[in-house]
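Letter by letter, the chains look like this.
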Amino acid sequence: GDLDKVVNLLLSLSGRLARVETALGSLGPHTPAEDKLALREKQRLLVAQLEDAKELKEHVGRRQEAVGAMVARYLPAEHLQDYQHFVKMKSALIAEQRELEEKIKLGQEQLRCLRESL
């Protein structure tokens, strides 16, 4: 459960950071200074939160290794491989699902912008 939460947090923060950086990159020369400052502050906060989330992931990884070592004492090798595969795939699938959700959101946002520009 913690792994799911941390992976989702990392993906969420990195997605939000990417959107802020995109917004910063698309600012024109006539953008008010307070808007630029607000986006830079948001970027700074997201970078700090992302670093904290990475530390959490490392902590969860250490706990996962400890649990894996304990599970290894009780499971036969075949079941242990299944367990390890499950844990590995769960993270990958969560990341893939989140990435697809972000791509859908981005596509919808781009579509909305295109419709508004017409």
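All values reported here derive from a predicted model rather than from experimental measurement.

Participant: Describe in detail helix 2 (residues 33–74), supporting the description with residues and values.
Facilitator: Counted at 1.5 Å a residue, the expected span for helix 2 with its 42 residues is 62 Å, and the 61 Å between its end C-alpha atoms agrees. Looking only at helix 2, the buried set comprises L39, L46, L50, A53, V60, G68 and V71. Tucked into the core, helix 2 has its buried residues touching helix 1 (2–25) and helix 3 (77–117).

Participant: Account for the UniProt feature "domain: ASD2" (unreviewed entry) in the chain, with residues named and values stated.
Facilitator: The residues that UniProt annotates with the feature "domain: ASD2" (unreviewed entry) are residues 1–118. Between the C-alpha atoms that bound residues 1–118 the distance is 45 Å, and the span itself is 91% helix and 0% strand.

Participant: Break down the packing of helix 1 against helix 2 for me, citing the residues and quoting the values.
Facilitator: Look at helix 1 against helix 2: their axes get within 9 Å of each other, and the N-to-C directions meet at 160°. With respect to helix 2, the element helix 1 is oriented roughly antiparallel. Seen from above, helix 1 lies across helix 2 with left-handed handedness. Here the residues of the contact of helix 1 with helix 2 sort into 16 nonpolar, 4 polar and 9 charged.

Participant: Help me get a handle on the nonpolar core, residues and values and all.
Facilitator: The biggest cluster of nonpolar side chains holds 15 residues, and the ones touching the most others in it are L3, L10, L13, V20, L46 and L50. Among the secondary structure elements, those contributing two or more residues to this core are helix 1, helix 2 and helix 3. Sort the elements by how many residues they give to this core and helix 1 lands first, with 8 residues. Look past the residues within four positions of L46 in its chain and what remains in contact with it is L13, R16, L17 and V20.

Participant: Describe in detail the packing of helix 1 against helix 3, supporting the description with residues and values.
Facilitator: Put simply, helix 1 and helix 3 touch, their axes get as near as 10 Å, and they point 30° apart. Taken together, helix 1 and helix 3 sit at an angle that is classed as roughly parallel. For the element pair helix 1 and helix 3, the recorded crossing hand is right-handed. Residues L3, D4, V7, N8, L11, S12 and R19 of helix 1 lie in contact with helix 3, whose contacting residues are V87, K90, S91, I94, A95, R98 and E102. When its residues are assigned to classes, the contact of helix 1 with helix 3 shows 6 nonpolar, 3 polar and 5 charged.

Conventions adopted
- Counting restarts for each chain, with residues numbered from 1 along the sequence as it is written.
- In keeping with the model being predicted, local features are shown solely for residues with a pLDDT of at least 70 and side-chain atom pairs are shown and tallied solely at 80 or more, while totals for entire chains, interfaces and linings include all residues.
- Only hydrogens and water are removed before side-chain values are computed, so all heavy atoms of the structure are retained for them.
- Starting at the N terminus, helices and strands are each numbered in turn, a helix being any DSSP run of H or I of at least four residues and a strand any DSSP run of E of at least two.
- By this rule the span expected of a helix is its residue count minus one, scaled by 1.5 Å.
- Exposure categories follow from relative accessible area, calculated using a 1.4 Å probe and restricted to protein chains: below 20% of the type maximum is buried, above 50% is exposed, and the middle band is partly exposed.
- Working rule for contacts: check all heavy atoms of both residues, and any pair within 4.5 Å makes them a contact.
- UniProt positions are given in the numbering used here, feature names are shortened, and annotations may be inferred rather than shown by experiment.
- Lines fitted to C-alpha atoms define the axes here, with helix axes fitted over just the stretch in contact, and angles between the N-to-C directions of these axes take values from 0 to 180 degrees.
- Should an angle lie under 35 degrees it is considered roughly parallel, over 145 roughly antiparallel, and from 65 to 115 roughly perpendicular; all remaining angles are considered oblique.
- Crossings are classed by handedness, with left-handed meaning an anticlockwise turn of the near helix from the far one by less than a right angle and right-handed meaning a clockwise turn.
- Nonpolar residues are Ala, Val, Leu, Ile, Met, Phe, Trp, Tyr, Cys and Pro. Charged residues are Asp, Glu, Lys and Arg, and all others, Gly as well, are polar.
- Here the nonpolar core consists of buried residues drawn from Ala, Val, Leu, Ile, Met, Phe, Trp, Tyr and Cys, with membership extended through side-chain atoms lying within 4.5 Å.

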